[in-house]
Amino acid sequence: MNRRNFIKISALSAGGVVLGGIGLSGSTPSVRGQEAGKGSAGADFLHRTPTYCEICFWKCAGWVYKNDRGEIWKIIGNENDPHCNGRLCPRGTGGVGSYYDQDRLKTPLIRTGPKGKQSFKRASWDEALEYVARKLDYISKVYGPETVALITHGSGGKLLTTLMKAYGSDAIAGPSHAQCKGPRETAFSLTFGSGLESPEPLDIRDTRCLVLIGSHLGENMHNTQVQEMADAIDRGATIITVDPRFSTVAAKSKFWLPIKPATDIALLLAWIHVIINKGWYDKDYVEKYTIGFDKLKEYIQPFSPEWAYGITTLDPNRIRETAKEMANAAPAVIVHPGRHVTWYGDDTQRSRAIAILNALLGSWGRRGGFYLPEAREIPEYPHPLFPPVRKSWRDVLGDLYPFTDLPLANAIVDGSIPGNLKDFQYRGWIVNGSNLNMTMPDTRKTLEAIQHLELLVVIDTMPMEITGWADVVLPECTYLERYDVLRNDHHREPVIALRMPAAEPKYDSKPDWWITRELARKMGLGAWFDWKDFEEFLDYKLRRMDSSLDEMKHLGVKKYERTSGDLYISDVNPPVFDTPSGKIELYSTQLEQAGFDPLPRYTPHEEPPEGFYRLIYGRAPNHTFSRTSNNPNLAALMPENKIWVNPKVAANWQLTEDQEVWLKNQDGIITPFPAKVRITERIRWDSVYIVHGFGHTDSRLTRTFGKGVSDSALISRVHTDPIMGGTGMRGNFVTFITENPNMEVKA
Ligand SMILES: Nc1nc2c(c(=O)[nH]1)N[C@H]1C(S)=C(S)[C@@H](COP(=O)(O)OP(=O)(O)OC[C@H]3O[C@@H](n4cnc5c(=O)[nH]c(N)nc54)[C@H](O)[C@@H]3O)O[C@H]1N2
Ligand SMILES: Nc1nc2c(c(=O)[nH]1)N[C@H]1C(S)=C(S)[C@@H](COP(=O)(O)OP(=O)(O)OC[C@H]3O[C@@H](n4cnc5c(=O)[nH]c(N)nc54)[C@H](O)[C@@H]3O)O[C@H]1N2
Ligand code: SF4
Ligand SMILES: [Mo]
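Residues numbered from 1 in each chain as written. Chains lettered and ligands numbered in written order. Predicted model: local features only at pLDDT ≥ 70, side-chain atom pairs only at ≥ 80, totals over all residues. Heavy atoms only, no water.

Participant: Tell me about the layout of surface pockets, residues and numbers included.
Facilitator: Volume-wise, the second largest pocket comes out at about 570 Å³. Lining the second largest pocket are 25 residues, with T443, L447, E465, P672 and T697 sitting closest to its centre. Listed by contribution, the elements that provide at least two residues to the lining of the second largest pocket are α16 (436-439), α17 (443-451) and α24 (711-714). A total of three residues in the lining of the second largest pocket trace back to one element, the largest contributor, which is α24. (1 Å grid on protein atoms, 1.4 Å probe; cavity = no way out; pocket = protein on both sides within 12 Å on 5 of 7 lines; lining within 4 Å. Points joined across faces, edges and corners; volume = space filled by probe spheres on them. Helix = DSSP H or I, 4+ residues; strand = E, 2+ residues; numbered from the N terminus.)

Participant: Lay out empty space enclosed by the protein with the relevant residues and their values.
Facilitator: Counted under the stated rule, the structure contains seven cavities of 30 Å³ or more. In this model, the second largest cavity occupies a volume close to 180 Å³. Looking at the second largest cavity, it is lined by 17 residues, and the ones nearest its centre are G214, D243, P244, I616 and R730. At three residues, strand β19 (residues 613-618) tops the list of elements feeding residues into the lining of the second largest cavity. Split into classes, the residues belonging to the lining of the second largest cavity amount to 10 nonpolar, three polar and four charged. Counting only domains with at least three residues in the lining of the second largest cavity, you end up with domain 2 (198-372 + 567-593) and domain 3 (613-737). (Nonpolar A, V, L, I, M, F, W, Y, C, P; charged D, E, K, R; others polar. Domains from an automatic or database assignment.)

Participant: Help me get a handle on the pairing of strand β23 (residues 687-691), residues and values and all.
Facilitator: The buried fraction of β23 is high, at five of five residues. Both β19 and β23 contribute to a ladder of five bridges, which runs parallel. What sits directly across from Y617, in β23, is I690. (Buried < 20%, exposed > 50% of the residue type's maximum accessible area, 1.4 Å probe, protein only. Pairing = 2+ DSSP bridges.)

Participant: Please set out the site of ligand 3 residue by residue, giving values where relevant.
Facilitator: Around ligand 3, the structure places C53, I55, C56, W58, K59, C60, L88, C89, R91, G92, M221 and N223. For the shell around ligand 3, the class distribution of residues is eight nonpolar, two polar and two charged. (Near = heavy atom within 4 Å.)

Participant: Describe the site of ligand 2, listing the residues and the values that go with them.
Facilitator: With respect to spatial proximity, 32 residues lie near ligand 2, and among them D243, D264, H340, Y344 and H623 are the closest. A distance of 2.6 Å is found between an oxygen atom of ligand 2 and a side-chain nitrogen or oxygen belonging to D243. Here a nitrogen atom of ligand 2 and a backbone polar atom of H623 are 2.6 Å apart. Its free accessible area being 920 Å², ligand 2 has 99% of it covered by the protein chains. Broken down by class, the residue content of the shell around ligand 2 amounts to 16 nonpolar, eight polar and eight charged. (Polar contact = N/O pair within 3.5 Å; in protein donor to acceptor, adjacent residues only side chain to side chain. Areas by Shrake-Rupley, 256 points an atom, 1.4 Å probe, with all protein chains shown as cover.)

Participant: Go over the sheet that holds strand β4 (residues 109-111), please, and point to the residues and values.
Facilitator: Two strands in a sheet stick together by hydrogen bonds in their backbones, pointing the same way (parallel) or opposite ways (antiparallel). Pairing in this open sheet of seven strands is mixed, and the strands run β5-β4-β15-β14-β13-β6-β7 from one edge to the other. On the outer flanks of this sheet lie β5 (120-122) and β7 (172-173), each paired with one strand and no other. Pairing between strand β6 (residues 148-152) and strand β13 (residues 428-432): five bridges, direction parallel. By the bridge assignment for β13, T152 is matched with N432. Most of the contacts of helix α4 (residues 125-142) go to strand β15 (residues 472-475), to which it runs at about 130°, and overall it touches β4, β5, β6, β13, β14 (455-460) and β15. (Contact = heavy atoms within 4.5 Å. Axes fitted to C-alpha atoms, helices over the stretch in contact; angles between N-to-C directions.)

Participant: Let's hear about helix α12 (residues 316-329): which residues, and what values?
Facilitator: Note on helix geometry: an α-helix contains 3.6 residues per turn, so any two residues three or four positions apart are oriented the same way. Helix length check: α12, at 14 residues, gives a terminal C-alpha distance of 20 Å against a target of 20 Å (1.5 Å per residue), a fit within 8%. Restricting attention to buried positions, one finds in α12 the residues P316, I319, T322, A323, E325, M326, A327 and A329. Where α12 begins, the capping side chain belongs to D315, and its oxygen is found 2.8 Å from the backbone nitrogen of N317. (Expected span 1.5 Å × (residues − 1).)

Participant: A description of the domain arrangement of the protein chain should follow, citing residues and the corresponding values.
Facilitator: Its domain assignment divides the protein chain into domain 1 (3-100), domain 2 (198-372 + 567-593) and domain 3 (613-737). Contacts between domain 1 and domain 2 engage 20 residues on the former and 18 residues on the latter. Buried area between domain 1 and domain 2, summed over both chains or domains, comes out near 1600 Å², and the portion from carbon and sulfur atoms is 61%. Across the domain 1-domain 2 interface, the total number found is zero salt bridges. If you look at where domain 1 meets domain 2, you find six residue pairs in polar contact (both at pLDDT 80 or more). Breaking the side of domain 1 that touches domain 2 down by element, the ones donating at least two residues are α1 (3-12) and α2 (90-93). Per element, the largest residue contribution to the side of domain 1 that touches domain 2 is five residues, and it comes from α1. (Buried area = accessible area lost by both parts, 1.4 Å probe. Salt bridge = Lys/Arg side-chain N within 4 Å of Asp/Glu carboxyl O.)

The following block contains the structure:
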């Protein structure tokens, strides 16, 4: 492992800690994995098995080592993997804790009392799956199979998708779309003809200028992006960070633009204005590959840096200076498209402005900009054709959100509440690897929808909030105890990775492939899962990809030669833009025809009322969403989140460091537990900031229950993007309560 780089990455993350640095001798099994980084247990490392990480969706490949007692000991990155280059982030290293967590779900559970109350009986797998299969039969007969939806995040979703299609439903949604990167995917598809997907094909390692608009790399620990950015900084690349918060990366940036929240489109229009009017755009590229430049040029005239100053509070000279910096670096410049982009409801338009700016700078398909990625096709294991779907999710949406090409988790929630749709209502959900209570904005609405369901099945590893509302809970074993589908994301070169079990599943938990196939068999759909076991399933595919399961057990990761040509565009490798015009559409006739603005427009958003502050949220380097806060290793690094408050605001409210307060939002929703205040200049006076994923309300999560504050419950106002249905979550305002409001209620 390249130690220098590892330290560099950790140093980038505020509070980032190299796990091995923490002495935990005499530790209980639950924190054992943490000793891993010491590297002193040499003789203990008897063998290693390949995996890819499930702690976030960068899916870094690694090796799991066991000690001579056969216990899982540590995970290290696979040197050959371009997702990680041999180095895991602190969360990936701490992933061992998810295996040892004694709070894990241990057996299948069937509800015995009202929803939301912890009234379950333990059940055998046979009993639990039989219950689910009969309920699904019933829903299929009475309402139709298309009224059952799958909401899924993570690797198990692939097989469950097959099951759903065999059953007759295509309502298969992930929070990684309409709660995450959906608007970006739509905007880039409208502009360039293809989305970005994951990992984003950003050539950060060769860039000369990286512009981060609310992308907080270093706290957002998407591994190789952070590594490549650290290298780019070393090489003298300019980083421009636009963030109302002095993020970790803002501290490493040549320019920090502390923008007033919700005004980014104004800044982007001003940048476009300057770059066009000064003639700093890539003329050849624009001429050759784009349409709509003249319309854009005319449209952009009013949007000067002075105009933007009045909106964004950013110095007009700074706007010009940063535009120049980008133009000087072009085409080796990346205006980062972001990832979690569902902010204010006009997010597709903001992402369109980012796409347009990149097009003007000529960065798409260029070294140091966006490279042309490639993935290998994975052959299907033979199975029968799927039955036709009687009513597809797209038909259910009708005219709503015309530009989403994927189902929306939020539309499934909405469509489960009677009266919201004319002739349709979802009746059952299968939820896999998604803690909807914290993942979906407006928890109240999610819970209302659940009350109307005939069936809620939750497949999870932990007793997360969502499991408390399930009719049936199915405990999956952790990623360290199972085979999964092959990882097959696009990259600079095609690359696949294998995950295999390093240990037997603990308790009575099972791998997703087993759960799905047994359920399919009980539903009479076994023909879609007609393999002996998962080894045979994987080997069948690998043998058709010049490999085998045996080979992959030794390699972990396999790279293939590119077959689609060079990484970058050139005269001999011309780009293909899958848009109606075959060009980059600066002006979008598709949007125009559907009645939307063909060029991005700035619309003012509501301001916080007197005494309230905008609630913004983000990531911490040591945690992923709500899934890691109970992880023994990671909870030790960061046990709670705090409420970031500007010193001016603290003085007004007479708040002191670490004082415990409750938050109340504009709709009167109050947090159930207090959280500590962190007073810091790093946040603007008009906003407060919290790390997403804390404030758990399920007491079965013994380590994290009641610690910190959850943004999700406070996000009761959602601004939905009319173009593609993304849930804008940053239009909520909070104020402080310093005396225990929940005591008052009881009294
Ligand atoms: N308020 C608010 N909402 C957000 C966000 C935010 O920042 N703030 N972020 C949004 C974004 S960008 C995203 S991508 C989504 C993320 O949404 P989710 O992926 O739903 O986020 P988590 O809260 O981590 O919930 C993951 C669930 O999967 C379970 N799990 C973990 N490993 C496994 C496994 O191997 N198998 C199974 N079956 N289950 C497993 C965990 O125990 C947990 O219950 O949330 C979105 N929603
Ligand atoms: N450690 C860690 N890393 C992760 C994850 C994780 O859970 N943990 N999750 C991964 C996933 S799925 C995703 S989608 C990404 C999300 O990560 P990113 O896409 O990088 O960022 P966001 O979460 O959207 O944005 C958070 C930042 O936006 C700033 N911000 C708030 N309002 C505004 C505004 O109006 N304008 C601007 N310019 N900035 C604003 C906040 O201050 C904060 O710094 O992170 C990924 N990486
Ligand atoms: S970035 Fe970290 S948590 Fe995400 S997959 Fe890689 S090692 Fe795991
Ligand atoms: Mo995300």
